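Next come the chains, spelled out residue by residue.
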Amino acid sequence: MMLFWSLLSLLPLLVAAVPTSSAEEKIWDSLGNLSPYHPAPIPVGVSADLPADCTVDQVMLMGRHGSRFPLASELVYIQNMTYKLGNASAAVAKAKLPSSMQFLKEGYTTKLGHDDLSAPGRLELFKHGVNFRLKYPQFNATSILAGGQDRVIESAQWFANGYYGRIWPNISSTVFSEIAEDNVTVSWITPMDTCPKWDYNYGNNATVAWGKIYLPAITKRLNKLLPGVGLTDDDTHGALYACAYDLAAYDVSPWCDVFTTTEIKDFEYELDLLMDGAFGYNLPGVMGPTLGSLYVNKLIERFSNASAEPVYLEFGHDTTIDMILTALGLAKDTPPLSASGPVNPNRKFRTSNQVPFAAQMVWEKFTCSSSFQGPQIRLVLNDAPLPLTTCAQSKEDKAYGTCSFDAFVSSNNFSTSISWGDAAWNSTCGNPGF
Ligand SMILES: *[C@@H]1O[C@H](CO)[C@@H](O)[C@H](O)[C@H]1NC(C)=O
Ligand SMILES: *[C@@H]1O[C@H](CO)[C@@H](O)[C@H](O)[C@H]1NC(C)=O
Ligand SMILES: *[C@@H]1O[C@H](CO)[C@@H](O)[C@H](O)[C@H]1NC(C)=O
Ligand SMILES: *[C@@H]1O[C@H](CO)[C@@H](O)[C@H](O)[C@H]1NC(C)=O
Ligand SMILES: *[C@@H]1O[C@H](CO)[C@@H](O)[C@H](O)[C@H]1NC(C)=O
Ligand SMILES: *[C@@H]1O[C@H](CO)[C@@H](O)[C@H](O)[C@H]1NC(C)=O
Ligand SMILES: *[C@@H]1O[C@H](CO)[C@@H](O)[C@H](O)[C@H]1NC(C)=O
Ligand SMILES: *[C@@H]1O[C@H](CO)[C@@H](O)[C@H](O)[C@H]1NC(C)=O
Ligand SMILES: *[C@@H]1O[C@H](CO)[C@@H](O)[C@H](O)[C@H]1NC(C)=O
């Protein structure tokens, strides 16, 4: 009997090490742009696969780097929260805690680094390289382009290992290049860096405002459980980051079970507000679509060009993908997201689905012997078609989420009417001055 009970008491520990219940996994997938990679839901009524008579002729991948450590600015919140608890260990020892918070009695410390790709991030990109090879065996890419930031470069390298094998650095016909991420390099990966009027605070101010609304209730709840510790809203923020970033670094975090589903969803909304505000529809005027137009124009240029490469493999950021979606007019909400809270529980702008770590935006240009006439285009975002609603015309378009390439080009006339440094760009962004 004793043995039985002591084994049983070990069970929760074993179970906690891996996300077992699908509800738990689902909530971990609601950590916005800090979610581990997971496929997006297939939209209802849309086929995941193209008809059997269709052939993909050209592909472009824009990948996000994999799971990473917190940014240095985020790590401070986690550390401060940890120190606060560490200095209050007597109070923590006395507290009557629910089972989900018992780990605090052991003393929670953090060894998280910052900014760089984590071990799970390496695995995500390696797997994506393998899967890309298996999904498009008809192609053999001859180039890889990475935004010039360490975690992006390392992500592209792990992808290359999965795609080509370890021989890849020695394949002389394959060019690995980097494009600088700075304010003097025009790039469709980091277009905001050459837009002087762009300001991160367009998004950050909204998240600060929303944080003042949703964080206090969580802080109050935690302080009730932990009398004498004196957690602040910044510490609560740190605990939410600890959940997301322990997961990103170790695949598991004791903090994730501390929060209710509603609390995690409120944190997700904060992350959506940040991305939508700084890299999406909530930028002022037409700044969002203007920034994303650089990529959309590149896409149209390559898919219109008979001598272009059949495959382009490129790596950047969540921000890159959100600006592109904004130029395309996809995942757009009316009314726009509000800093005073989620108005529409079914909002379309969802960074959890759009830009988790290792997100993959895949564009396919295809032709079919009978299902469709002429060249067509499809967007597969995180393994699920994202219907091109702004150019869909036929019932087949709706069934597959596709558009004729011509209709896609016409519907993107906002993008094609702009090029970097022209009058429209300068009037939105200010004169770039170089
Ligand atoms: C972390 O703590 C330091 C020292 O108390 C403080 O100066 C800083 O503002 C805190 N940062 C955050 C993000 O809470
Ligand atoms: C107590 O707080 C200080 C300053 O914030 C920190 O350096 C120290 O590590 C904390 N102690 C513990 C045990 O966490
Ligand atoms: C891709 O091309 C490289 C260089 O020619 C070659 O070494 C490699 O075997 C090719 N891989 C496939 C799967 O065709
Ligand atoms: C690449 O080529 C160099 C020089 O021939 C060789 O030393 C190295 O082992 C090769 N690397 C791989 C991964 O094949
Ligand atoms: C680019 O950034 C540097 C500092 O990082 C600054 O000194 C310079 O003025 C900026 N240049 C432009 C064109 O914005
Ligand atoms: C962000 O908020 C600060 C402080 O309230 C304000 O000074 C600044 O103008 C705001 N920035 C933007 C881009 O909204
Ligand atoms: C078409 O692609 C080829 C090969 O990449 C390139 O040299 C050429 O400039 C492209 N043409 C246009 C109009 O973009
Ligand atoms: C794009 O096309 C639409 C429909 O033809 C037209 O109303 C709109 O003015 C065009 N926009 C631009 C920027 O050319
Ligand atoms: C926009 O700004 C760039 C960079 O300063 C300048 O070269 C270009 O002439 C400007 N474009 C227009 C149409 O004024």
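Note that the structure is a prediction, hence the values are computed from the model and not measured.

Honestly, helix α3 (residues 72–87) in this entry has me stumped. Any pointers?
Residues three or four positions apart in an α-helix share a direction because the helix packs 3.6 residues into each turn. In this model α3 runs 22 Å from its N-terminal to its C-terminal C-alpha over 16 residues, within 8% of the 22 Å that 1.5 Å per residue would give. Restricting attention to buried positions, one finds in α3 the residues Glu 74, Leu 75, Ile 78, Met 81, Thr 82 and Leu 85. Angular distribution of buried residues about the axis of α3 spans 125°; they occupy a single face of the element. Buried positions along α3 lie against α4 (89–94) and α8 (233–250).

Just to check I follow, could you spell out the pattern of salt bridges for this structure?
Side-chain pairs of opposite charge can arise whenever the charged atoms involved come near each other. In total, this model carries 13 salt bridges according to the counting rule given. Among the ionic pairs, Arg 68 bridges to Glu 74, the shortest N-O distance being 3.8 Å. Taken individually, Arg 68 and Glu 74 each receive the classification buried, so the pair is uniform in this respect. What emerges from the salt-bridge pattern is a single network uniting Glu 268, Asp 272, Arg 347 and Arg 350.

How should I be thinking about the pairing of strand β5 (residues 360–368) in this particular structure?
Successive side chains on a regular strand alternate, one facing one side of the sheet and the next facing the other. The buried fraction of β5 is high, at 8 of 9 residues. The sheet contact formed by strand β1 (residues 54–64) and β5 spans 9 bridges and is antiparallel. Bridging across to β5, Cys 54 finds its partner in Cys 368. Where β5 and strand β6 (residues 376–381) come together, 6 bridges link them in antiparallel fashion. By the bridge assignment for β6, Trp 363 is matched with Leu 379.

Could you clarify how one ought to interpret the UniProt feature "active site" (unreviewed entry) in the protein chain in this entry?
UniProt's entry tags His 65 and Asp 318 with the feature "active site" (unreviewed entry), counted in the numbering of this structure. For the residues just named, distributed over 254 residues, the greatest C-alpha separation is only 8.2 Å, placing them together at one site. With respect to the helices and strands, the residue His 65 is situated in the loop between β1 and α3. Polar side-chain contacts of His 65 include one of 3.2 Å to the side chain of Arg 151. By secondary structure assignment, the location of Asp 318 is in helix α11 (residues 318–328).

Quick question: what am I supposed to make of the environment of Thr 260 here?
In this structure, Thr 260 sits in the loop between α8 and α9 (261–279). Residue Thr 260 is classed as partly exposed on the basis of its relative accessible area, which comes to 36%.

When you look at the pairing of strand β2 (residues 143–147) in this model, what are you seeing that I'm missing?
In terms of burial, β2 is a largely internal element, 4 of the 5 residues being buried. Note that β2 and strand β3 (residues 175–179) share 5 bridges and pair parallel. Bridge assignment links Leu 145 to a residue of β3, and that residue is Ser 177. Taken together, β2, helix α6 (residues 150–164) and β3 constitute a β-α-β crossover, and its handedness is right-handed. Pairing of β2 with strand β4 (residues 311–316) involves 3 bridges; the strand directions are parallel. By the bridge assignment for β4, Leu 145 is matched with Glu 314.

Where do I start with the site of ligand 6 in this structure?
Near ligand 6 the following residues occur: Asp 199, Asn 201, Tyr 202 and Asn 205. Between an oxygen atom of ligand 6 and a side-chain N or O atom of Asn 205, the distance comes to 2.3 Å. For ligand 6, whose accessible area on its own is 360 Å², the fraction buried by protein is 35%. Grouping the constituent residues of the shell around ligand 6 by class yields 1 nonpolar, 2 polar and 1 charged.

I tried to follow the packing of aromatic side chains on my own but got confused; where do I start?
Where two aromatic rings form a pair, the distance of their centres and the angle of their planes describe that pair. In this structure the tally under the stated criterion is 25 aromatic pairs. With a centroid separation of 4.8 Å and 50° between ring planes, the pair formed by Phe 132 and Tyr 136 is classed as tilted. Through pairs of rings, three or more aromatic residues link up here, namely Phe 132, Tyr 136, Phe 139, Phe 159, Tyr 163, Tyr 164 and Phe 315. Of note, Arg 302 hangs over the ring of Tyr 312, and the distance from its end group to the ring centre comes to 3.8 Å. Geometry around Phe 405 places Lys 365 over its ring, the cationic atom sitting 5.5 Å from the centre.

Reading guide: rules and limits
Residues numbered from 1 in each chain as written. Chains lettered and ligands numbered in written order. Predicted model: local features only at pLDDT ≥ 70, side-chain atom pairs only at ≥ 80, totals over all residues. Heavy atoms only, no water. Helix = DSSP H or I, 4+ residues; strand = E, 2+ residues; numbered from the N terminus. Expected span 1.5 Å × (residues − 1). Buried < 20%, exposed > 50% of the residue type's maximum accessible area, 1.4 Å probe, protein only. Arc of directions from axis to C-beta. Contact = heavy atoms within 4.5 Å. Salt bridge = Lys/Arg side-chain N within 4 Å of Asp/Glu carboxyl O. Pairing = 2+ DSSP bridges. UniProt positions renumbered as here; feature names shortened; annotations may be inferred. Polar contact = N/O pair within 3.5 Å; in protein donor to acceptor, adjacent residues only side chain to side chain. Right-handed = clockwise from strand over helix to strand, strands pointing away. Near = heavy atom within 4 Å. Areas by Shrake-Rupley, 256 points an atom, 1.4 Å probe, with all protein chains shown as cover. Nonpolar A, V, L, I, M, F, W, Y, C, P; charged D, E, K, R; others polar. Phe/Tyr/Trp six-rings, centres within 6.5 Å; stacked < 30°, edge-to-face > 60°. Lys NZ or Arg CZ within 6 Å of the ring centre and 35° of its normal.

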